[in-house]
Amino acid sequence: MENRNTVLVVSAALLAVGMVAGGYLLGDGLTRAHEAERAVTVKGLAEKDVTADLATWTIAYTATGFDLPTVRAEIDESSKALNDYFRSLGFQAEELRPVGAGVNQYINNGVNTITITQRMQLRTTDIAKAQRAVAGQFDLVRRGVTMQEGSNMVYSFTKLNDLKPDMVAQATRDARKAAEQFAKDSGTGVGSIKSASQGYFSIEPRDGDQAQGGYGASDTPYKKVRVVTTVEFYLD
């Protein structure tokens, strides 16, 4: 009987210890869960002004006539005028190349009519020289080159990967500043990062209406690179 009482006492003691330990673990778990809920999500912005490092100008020009040899000769004259124009500005021969041609033949008031369209492309990394070429493009008209609408210079920035690490770090620092301001207003502190996601990098014109995606948005060499990150910080 005495042994049976001893077993009961020991069992009761173990049960009590287990309940105390379980209560502690439950309370500690609830505390940690509550702390995990104390977080703030903010956005960080990084922007950088850059200058395009590649310029491409695809010029489409046409000639129209009533027999193929005559129209082809006119196109050849326009091609020579183009080459002479770019050579006068200091461009190398390999920077200008033909990228396509088309022939359209139709009957107009009973007369056989032929139109030839030629496309030439300038591709250069000399941005200042490309700007001078565009500024003087009316000289091509004086030389007899009939340029089609849409023959615009396009400026591109190709070194985005070189900027990404520093810009992501800058955007993350900007996000932390926003979190710190929120924490200060709330009477708390900012801890480590709980989660983070990076938005898309965008390259837009830097100035004026072009910066809003207006007409000629790719016509300027002056760009703004932009990225937004979303970061969730623990609060102390």
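Bear in mind the structure is a predicted one, so any value in this text is a computation, not a measurement.

A. Local environment of the overall build of the protein chain. Within the protein chain one finds five helices and eight strands. Across the protein chain, helices and strands are ordered from the amino to the carboxyl terminus as α-β-β-α-β-β-α-α-β-α-β-β-β. When each of the 236 residues of the protein chain is scored for burial, the buried share is 30%. For the protein chain, the proportion of contacts with a sequence separation of at least 24, taken over those separated by at least 6, is 78%. Accessible surface computed for the protein chain: about 14,700 Å², of which carbon and sulfur atoms make up 53%.

B. Region of the structure containing the nonpolar core. Of all hydrophobic cores here, the largest spans 25 residues; its most connected members are Trp-57 and Phe-86. At the level of elements, β2 (54–65), α2 (68–88), β4 (111–124), α3 (127–135) and β5 (153–156) are the ones that each hand at least two residues to this core. In terms of residues, this core owes the most to one element, α2, which gives six residues. Other than its neighbours up to four places away in sequence, Trp-57 contacts Phe-86, Met-120, Gln-121, Leu-122, Ala-133, Val-134, Gln-137, Leu-140, Ser-151, Asn-152 and Met-153. With ten residues, the next largest nonpolar core counts Val-50, Phe-157, Met-167 and Ala-171 among its residues.

C. Up close: the sheet that holds strand β3 (residues 96–108). Taken together, four strands build an open sheet; the order of strands is β3-β4-β2-β5 and the sheet is antiparallel. Edge positions in the sheet fall to β3 and β5, since each of these pairs with one other strand and no more. Within the sheet, the average angular offset between the axes of one strand and its neighbour, ignoring direction, is 15 degrees. As judged from the four bridges shared by β2 and β5, these two strands associate in the antiparallel manner. Pairing of Ala-55 across the sheet is with Tyr-155, part of β5. Together, β2, β3 and β4 form the strand contacts of α2, whose direction differs from that of β2 by roughly 150 degrees. Each of β2, β4 and β5 is contacted by α3, which is oriented at about 160 degrees to β5, the strand it contacts most.

D. Representation of the side chain of Lys-223. Looking at the element boundaries, Lys-223 is found in strand β8 (residues 222–235). Asp-219 is the oppositely charged side chain nearest to the buried, salt-bridge-free Lys-223, at an N-O distance of 7.8 Å. There is a polar contact of 3.2 Å between the side chain of Lys-223 and the backbone oxygen of Tyr-155. Separated by 3.0 Å, the side chain of Lys-223 and the backbone oxygen of Thr-220 make a polar contact.

E. Fine view of unusual backbone geometry. Not every positive phi belongs to a glycine, and Asn-109 is a case in point at roughly 55 degrees. Its location among the elements puts Asn-109 in the loop between β3 and β4. Residue Asn-109 is classed as exposed on the basis of its relative accessible area, which comes to 75%.

F. Local environment of the pattern of salt bridges. Under the counting rule described, the total for this entry stands at nine salt bridges. A salt bridge links Asp-49 to Lys-224; its shortest N-O distance comes to 2.9 Å. Highlighted residues: Asp-49 in strand β1 (residues 39–51) and Lys-224 in strand β8, separated in sequence by 175 residues. The class of Asp-49 is partly exposed, set by a relative accessible area of 45%. Among the salt bridges present, the one from Glu-232 reaches Lys-194, with a minimum N-O distance of 3.7 Å. One end of the pair, Glu-232, is in strand β8; the other, Lys-194, is in strand β6 (residues 190–198), with 38 residues separating them in the sequence. Linked by salt bridges that have partners in common, Lys-80, Asp-84 and Arg-87 make up one network.

G. Structural view of helix α5 (residues 160–186). A rise of 1.5 Å per residue sets the reference length of α5, with its 27 residues, at 39 Å; its end C-alpha atoms lie 38 Å apart and thus fit the reference within 8%. The sharpest bend along α5 measures roughly 30 degrees and falls at Asp-166. Buried residues of α5: Leu-160, Leu-163, Met-167, Ala-171, Ala-175, Ala-179 and Ala-183, and no others. The inward-facing, buried residues of α5 abut β1, β6, β7 (202–205) and β8. In the segment just after α5, Gly-187 is the residue with positive phi, at about 70 degrees.

Reading guide: rules and limits
- Residues numbered from 1 in each chain as written.
- Predicted model: local features only at pLDDT ≥ 70, side-chain atom pairs only at ≥ 80, totals over all residues.
- Heavy atoms only, no water.
- Helix = DSSP H or I, 4+ residues; strand = E, 2+ residues; numbered from the N terminus.
- Buried < 20%, exposed > 50% of the residue type's maximum accessible area, 1.4 Å probe, protein only.
- Contact = heavy atoms within 4.5 Å.
- Areas by Shrake-Rupley, 256 points an atom, 1.4 Å probe, with all protein chains shown as cover.
- Core = buried A, V, L, I, M, F, W, Y, C linked by side-chain atoms within 4.5 Å.
- Pairing = 2+ DSSP bridges.
- Axes fitted to C-alpha atoms, helices over the stretch in contact; angles between N-to-C directions.
- Lys, Arg positive; Asp, Glu negative; His and termini not counted.
- Salt bridge = Lys/Arg side-chain N within 4 Å of Asp/Glu carboxyl O.
- Polar contact = N/O pair within 3.5 Å; in protein donor to acceptor, adjacent residues only side chain to side chain.
- Expected span 1.5 Å × (residues − 1).
- Bend = angle between axes of the 7 residues up to and from the residue.

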